[in-house]
Amino acid sequence: MTLDIAYFAWVRERMGMAAETVELPVGVATVGDLVRWLAMRDARGARAFAEPERIRAAVGGAMVGAEAPIGDAGEVALFPPVTGG
Amino acid sequence: MIRVTVQTEAIDVAAELAAHDAGGHGASASFVGRVRGDGGLTELFLEHHPAMTGAGLTALAEAAARRWALDALTLIHRVGAMAPGETIVLVLASSRHRAGALAACEYLIDRLKTDVMLWKRESFADGRVAWVEVRGTDRERAERWG
């Protein structure tokens, strides 16, 4: 299954890109699985996702927790805790 | 009437207030958030999600309008690069009596700090650039509203 991933703020900077399309390996079913897989995939991922507890996610336009299934969301956004206002 | 905007252009507070207040509401409360030049800050950059930032602000605005039966609500958040003194966020809330307008205003500014896809990056005169970290006090204030 292919998945579009969008990165924001320092996650985007550490990944060196704002978005990518990946072919998900078998066994990557949740947001937490995705973050762990990206952290192991390459050096940029290791830097961006060294502290998974500092990563927030949105699946199909809704903010979700690490246990949330990716399903056939189409797009997952990964980002630091928000700081607007 | 609910008006929610995410914009890169400067926020014209006087013009927004005039437009908002054209209905002659019984009670109107406002919050204006500005960039502080603390610690030699030269630029504040607000990153946003092209779709979800506006959707998140709209969801909060609709929740506030329902909860306090608002007659009018204007919620404008600026994104992109800003200089000290410029307006980041404007909330104008109107209801028949002051309690609803004041509470809605406070609710919106508290919750948009924790619920909406926006990220602040600070640049300083000495060359430092840093993403703003979440403050525990912001989280506590947002959680008060349930």
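Note that this is a predicted model, so its numbers are computed, not measured. (Residues numbered from 1 in each chain as written. Chains lettered and ligands numbered in written order. Predicted model: local features only at pLDDT ≥ 70, side-chain atom pairs only at ≥ 80, totals over all residues. Heavy atoms only, no water.)

### Some details on the pattern of salt bridges
Residue and element names in this part refer to chain B. Here is the rule we go by: By salt bridge we mean one thing: a side-chain nitrogen of Lys or Arg within 4 Å of a carboxyl oxygen of Asp or Glu. Secondary structure is summarised from DSSP: a helix means a run of H or I of at least four residues, a strand means a run of E of at least two, and numbering begins at the N terminus for each. Partly exposed describes any residue whose relative accessible area lies between the buried limit of under 20% and the exposed limit of over 50%, with all areas from a 1.4 Å probe on protein chains only and scaled to the type maximum.
A complete count under the given rule lists 18 salt bridges over all chains for this structure. Close ionic contact of Glu16 with Arg3 constitutes a salt bridge, the shortest N to O distance being 2.8 Å. Of this pair, Glu16 sits in helix H1 (residues 13-20) while Arg3 sits in strand S1 (residues 2-7), and the two are 13 residues apart along the sequence. With a relative accessible area of 13%, Glu16 lands in the buried category. For the salt bridge of Arg78 with Glu86, the shortest nitrogen-to-oxygen distance reads 3.4 Å.

### Topic: the nonpolar core
Applied cut-off: The definition of a nonpolar core used throughout is a set of buried Ala, Val, Leu, Ile, Met, Phe, Trp, Tyr and Cys residues joined through side-chain atoms within 4.5 Å.
Core analysis: the largest hydrophobic core is formed by 34 residues, its most contacted members being A:Leu34, A:Phe49 and A:Leu78. The element that contributes the greatest number of residues to this core is helix H2 (residues 31-41) of chain A, accounting for five residues. Counting 32 residues, the second-largest nonpolar core is a separate cluster that includes B:Ile88, B:Val89, B:Ala93 and B:Tyr107.

### Let's talk about the sheet that holds strand S6 (residues 87-95) of chain B
All names here are of chain B. Counted only if it meets this: The pairing criterion for strands is at least two bridges between them, as found by DSSP. To define axes, lines are fitted to C-alpha atoms, for helices over the stretch in contact only, and angles between the resulting N-to-C directions are given on a 0 to 180 degree scale.
Pairing in this open sheet of four strands is mixed, and the strands run S1-S4-S6-S2 from one edge to the other. Two strands bound the open sheet, and with one partner strand each, they are S1 and strand S2 (27-34). Geometrically, the sheet is characterised by an average inter-axis angle of 5 degrees between neighbouring strands, direction not taken into account. With eight bridges connecting them, S2 and S6 associate as antiparallel partners. In the sheet register, Ala27 faces S6, and the bridge partner there is Ser95.

### Brief notes about the interface of chain B and chain A
Convention followed: Between two residues, a contact is recorded if the distance between any of their heavy atoms is within 4.5 Å. Buried area, as used here, totals the accessible surface that two parts lose on assembly, with accessibility defined by a 1.4 Å probe and the loss added over both. In protein, a polar contact requires one atom able to donate a hydrogen and another able to accept it; more generally it is a pair of N or O atoms within 3.5 Å, and residues adjacent in sequence count only if both atoms are side-chain atoms. Residues were grouped as follows: Ala, Val, Leu, Ile, Met, Phe, Trp, Tyr, Cys and Pro as nonpolar; Asp, Glu, Lys and Arg as charged; and all remaining residues, including Gly, as polar.
Opposite the 23 residues of chain B that make contact, chain A presents 20 residues. Three residues stand out in chain B for area buried against chain A, namely B:Met52, B:Trp119 and B:Trp131, and they jointly supply 33% of the buried area on that side. Where chain B meets chain A, there are three salt bridges. Taking the shortest distance from any N to any O, the salt bridge between B:Glu133 and A:Arg54 comes out at 2.9 Å. Linking chain B with chain A are ten residue pairs in polar contact (both at pLDDT 80 or more), by the criterion used here. Looking at the side of chain B that touches chain A, the elements with two or more residues in it are strand S3 (41-48), S6, helix H3 (98-115) and strand S7 (118-124) of chain B. The residue makeup of the side of chain B that touches chain A, split by class, is 13 nonpolar, four polar and six charged.

### What about the confidence of the model for chain B?
As a reminder, the rule being used: pLDDT is a residue-level measure of predictor confidence that goes from 0 to 100.
Per-residue confidence for chain B gives a mean pLDDT of 95; residues scoring 70 or more make up 100%. Both scores are given for the predicted complex: the pTM is 0.93, the ipTM 0.93.

### Quick notes on the packing of helix H2 (residues 52-67) of chain B against H3(B)
Residue and element names in this part refer to chain B. Convention followed: These descriptions rest on fixed angle ranges, namely under 35 degrees for roughly parallel, over 145 for roughly antiparallel, 65 to 115 for roughly perpendicular, and the rest for oblique. By the definition used in this description, the sense in which the near helix is turned from the far one sets the handedness, with an anticlockwise turn below a right angle giving left-handed and a clockwise turn giving right-handed.
Where H2 contacts H3, the two axes come as close as 10 Å, and the packing angle between them is 150 degrees. In this view, H2 runs roughly antiparallel relative to H3, as classed from their interaxial angle. Relative to H3, the crossing made by H2 is right-handed. When H2 is examined against H3, the residues Leu57, Leu60, Ala61, Ala63, Ala64 and Arg67 are found in contact with a partner set consisting of Tyr107, Leu108, Arg111, Leu112 and Asp115. Among the residues forming the contact of H2 with H3, the class breakdown is eight nonpolar, no polar and three charged.

### Details of the side chain of B:Thr87
All names here are of chain B. Of note, Thr87 is situated in strand S6. Polar side-chain contacts of Thr87 include one of 3.1 Å to the side chain of Arg34. For Thr87, the contacting residues outside a window of four places in its chain are Ile11, Val13, Val32, Gly33, Arg34, Arg78 and Met82.

### A look at the side chain of B:Glu47
Relative to the helices and strands, B:Glu47 is located in strand S3. For B:Glu47, a relative accessible area of 8% corresponds to the buried category. Within the structure, the side chain of B:Glu47 is placed 2.7 Å from the backbone nitrogen of A:Ala9, a separation counted as a polar contact. One polar contact links B:Glu47 to A:Arg12, side chain to side chain, over a distance of 2.4 Å. Each residue touching B:Glu47, except ones within four places of it in the same chain, is listed here: A:Tyr7, A:Phe8, A:Ala9, A:Arg12, B:Met117, B:Leu118, B:Trp119 and B:Trp131.

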